[in-house]
Amino acid sequence: MKDNYHYKIVAEAIRFISRGYQSQPELEEIAKYVHLSKFHLQRVFQKWVGVSPKQFLQFTTIEHAKRCLLEGRTTLEAAYEVGLTGNGRLHDLFIKIEACTPGEFKNRGGGVQIKFGVVNSPFGNTLIAETEIGICRLSFLKEDEEPESTLRAIFPEANFTNDLGKYGKLVKQYFSNWQIPNQKIVLDLRGTPFQINVWKALLSIPSAQFLAYNDIAKIINKPGAIRAVGTAIGQNPIAYLIPCHRVIRESGDIGNYHWGSERKIAINGFENIRLSSNPVA
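These notes cover the structure that comes with them. (Residues numbered from 1 in each chain as written. Predicted model: local features only at pLDDT ≥ 70, side-chain atom pairs only at ≥ 80, totals over all residues. Heavy atoms only, no water.)

Taken as a whole, this structure holds 16 aromatic pairs when the rule is applied. Relative to Phe 140, the ring of Phe 123 has its centre 6.3 Å away and its plane inclined at 85°; by these criteria the two rings are edge-to-face. Linking Phe 123 in the loop between strand S1 (113-119) and strand S2 (126-130) with Phe 140 in strand S3 (residues 135-140), this pair joins segments that are 17 residues apart in sequence. Overall, Phe 123 belongs to the buried group, its relative accessible area being 6%. Owing to a relative accessible area of 3%, Phe 140 belongs among the buried residues under this scheme. Ring plane angle 90° and centroid distance 5.4 Å describe the contact between Phe 123 and Phe 270, whose orientation is recorded as edge-to-face. Within this pair, whereas Phe 123 is found in the loop between S1 and S2, its partner Phe 270 is found in helix H13 (residues 261-274), the two being separated by 147 residues in sequence. (Phe/Tyr/Trp six-rings, centres within 6.5 Å; stacked < 30°, edge-to-face > 60°. Helix = DSSP H or I, 4+ residues; strand = E, 2+ residues; numbered from the N terminus. Buried < 20%, exposed > 50% of the residue type's maximum accessible area, 1.4 Å probe, protein only.)

Two elements in contact, helix H3 (residues 38-49) and helix H4 (residues 53-70), have axes whose closest approach is 9 Å; the angle formed by their N-to-C orientations is 60°. Accordingly, the angle class assigned to the pair H3 and H4 is oblique. Residue-level contacts link Leu 41, Gln 42, Phe 45, Gln 46 and Val 49 of H3 to Pro 53, Gln 55 and Phe 56 of H4. When its residues are assigned to classes, the contact of H3 with H4 shows five nonpolar, three polar and no charged. (Axes fitted to C-alpha atoms, helices over the stretch in contact; angles between N-to-C directions. Parallel < 35°, antiparallel > 145°, perpendicular 65-115°, else oblique. Contact = heavy atoms within 4.5 Å. Nonpolar A, V, L, I, M, F, W, Y, C, P; charged D, E, K, R; others polar.)

This part covers the pairing of S2. With respect to burial, S2 is a largely interior element, five of its five residues being buried. The alternating pattern of S2 places Thr 126, Ile 128 and Glu 130 on one face and Leu 127 and Ala 129 on the opposite face, and all of these are buried. With five bridges connecting them, S1 and S2 associate as antiparallel partners. Bridge pairing in S2 places Lys 115 opposite Glu 130. (Pairing = 2+ DSSP bridges.)

So this is what it looks like as structure tokens:
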């Protein structure tokens, strides 16, 4: 009963922040809205969401700022749109959360050469994109999805060549023979420090084995950030190679998957039959 009450309080606080982020409400204002002391709200919110109300407000603010920048607005316009007082605060927020400046985010992929191609896998047509550093994107395509358009939405300023890179060719080879390549497949990970820590933790899960979301939170020494971990897993840009499909709910339920729960079940079933006696990752 107590947990249900706290859940409703936290849900109401989240709605209040999501609707009113442009006014940049202080903790005391949020607490007053849900009829709790600010200290009680801080404790309950942190327990349920994994981050503080202030951090959740920052995440909400920056997601809206990112949309503004991608729509072509200036950094100053974006700052004012999300309720910040100017470029300086927007700059500080991007550095803290995205580890880049607003200008660098807006110019995502600027000058970067990206090779891409589509290969067949047991799990559907697979888009592989690669920079000079390594694979930056691997995703399962929907029917009629246009590969280059998908990539341009993520890297709008990059230059594209429809040709698999050297690591993409290794992935294609692996999907055909399921033998670990002699050469290491290098990844070009781009995300916040928290996201990258989560994605690196996923790489430690052996094939045909599972961990729960709370296990990943413990691996990165953030045991209270289970929901934030789940969000980062959902934003994994490199399917299969970063095995987010091996993360399930603590109850044993398969859980959600960015590319569809049916595909997640199929991938894990395939690995259990094909790879359990000879782990490859």
